[in-house]
Each structure stands twice: as C-alpha cells, then as structure tokens.
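# Structural features, examined
Listed below, chain by chain, are the residues.
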Amino acid sequence: MAFAKTTRGATIAMAAIAMAAMTGCSGYRPAPKSFQEATIQPYRLDSGDRLRVTVFEQQSLSNTYLVDQAGYIAFPLIGSVPARGKTIQEMESIIAGKLRQGYLRDPDVSIEVANYRSIYIMGEVGQAGQYSYVAGMTVQNAIAVAGGFSPRANQANVDVTRKVNGRIITGRISISEPILAGDTIYVRERLF
C-alpha cells in the first residue's frame, strides 16, 4: 500500500514537471507562411529608408531623400509624397505623376534605396543594438555584425519580429534564413 502511494505521488510529480516543461514551450511560434513570403516580395518602403531619386535632366530635383517617421518624403515642387508601404516602382510612378501636373512635360524618374532602415538585434549576442541592414542579409550575418553569439545563446534558431502587410508578426526561424530591413532579431538563451 505504501508503495502504491509512493508510485502515485511520483507519477503526479512527474506529470507536474512535464506540464511545467510544456508550459515553458508554449511561447513557441513557428513563422507563418506570410512571414517567409515577405522575403521574396518586392521591397516595401518604410520610415528610416533613404532613397536616391534621380529625375533625368533635372539636377535640382535629383537628390537623396529620407522617409520620415510619418512615412513621407519631402520632395521639391510637389511637397510630401507618401512612401510607407510602397514599392520602388510605385514611388517612381507617383513622383512622375505629380511632376507631370504642371511642372515637367514627361519626367523620367528613377529611384533606388541608398540606405535601408536599421535592424535590431537583442538577446544573447556579443553586443545587442541597432545595426545597418544590407540587402541579402541572413540571421547569421546579422548576429556576426552584433559580435556573434554569447556563450549561453541558442544557436539553432531565433525569434524575428517583422511587419508583414501592415501587421507586426513574430515567428521563429533558422539562423540561415534571410531577414528584411526593419526586422528585430531576438537570440534566446539555451536551456542547458
């Protein structure tokens, strides 16, 4: 009888430990499909991006412009132009269209990203902080820029927070996955 009580008590204790372990893992969120698809979609502009705008044969209009916190660029002659969420091609069309309205007959506008908005790296890395994004960067490249993994880091995967279709989403991805400008990377501590 005493053995049955001990076995039952041990079973309950083991079940409690297993439940606690599973509860600790409930924060796991695999990256949704839209999270991965965002890396192959055309680049969408947002605050912090710096654009090099060239208007053919118009030196006074060709310059570098910053997308401000409100998501606009201040462009000569036409004023504030909404940039947040737009692709480069959409921005070229918008600026050309506005310049056509009484300023230039047939403007030829070309835009490229001079500097992408920053990425943020937190958690178990050598030096957490804000870093410059480079096109084609992977999680592993970003961690290297931040001084590499700390001795306690989980080196298999990370949590990344990203804006996808106007929504902020967090998902867990492998360190070999690509990242986007504006992403926040969190390197978790390993359990053992």
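A brief look at the structure comes next. Only a predicted model underlies this, so the values are computations on that prediction, with no experimental measurement involved. (Residues numbered from 1 in each chain as written. Predicted model: local features only at pLDDT ≥ 70, side-chain atom pairs only at ≥ 80, totals over all residues. Heavy atoms only, no water.)

## Notes on the overall build of the protein chain
A count of helices and strands for the protein chain gives four helices and 10 strands. The order of α-helices and β-strands along the protein chain, N terminus first, is α-α-β-β-β-β-α-β-β-β-α-β-β-β. Looking at the 192 residues of the protein chain, the share that counts as buried comes to 34%. Contacts in the protein chain between residues at least 24 apart in sequence constitute 53% of all its contacts with a sequence separation of at least 6. With an accessible surface of roughly 11600 Å², the protein chain has 54% of that area assigned to carbon and sulfur atoms. (Helix = DSSP H or I, 4+ residues; strand = E, 2+ residues; numbered from the N terminus. Buried < 20%, exposed > 50% of the residue type's maximum accessible area, 1.4 Å probe, protein only. Contact = heavy atoms within 4.5 Å. Areas by Shrake-Rupley, 256 points an atom, 1.4 Å probe, with all protein chains shown as cover.)

## Considering the packing of aromatic side chains
The full count for this structure, using the stated rule, is three aromatic pairs. Plain terms: the ring middles of Tyr 43 and Tyr 116 are 5.0 Å apart, the flat faces sit at 90 degrees to each other, and that makes the pair edge-to-face. Residue Tyr 43 is located in the loop between α2 (33-37) and β1 (50-55), and its partner Tyr 116 is located in the loop between β5 (109-115) and β6 (119-123); the two are separated by 73 residues in the primary sequence. Ring centres of Tyr 65 and Phe 75 lie 4.9 Å apart, and the angle between their planes is 40 degrees; this geometry places the pair in the tilted category. Note that Tyr 65 is positioned in strand β2 (residues 63-66) and Phe 75 in strand β3 (residues 72-75), a separation of 10 residues in sequence. Each member of the pair Tyr 65 and Phe 75 is classed as buried. (Phe/Tyr/Trp six-rings, centres within 6.5 Å; stacked < 30°, edge-to-face > 60°.)

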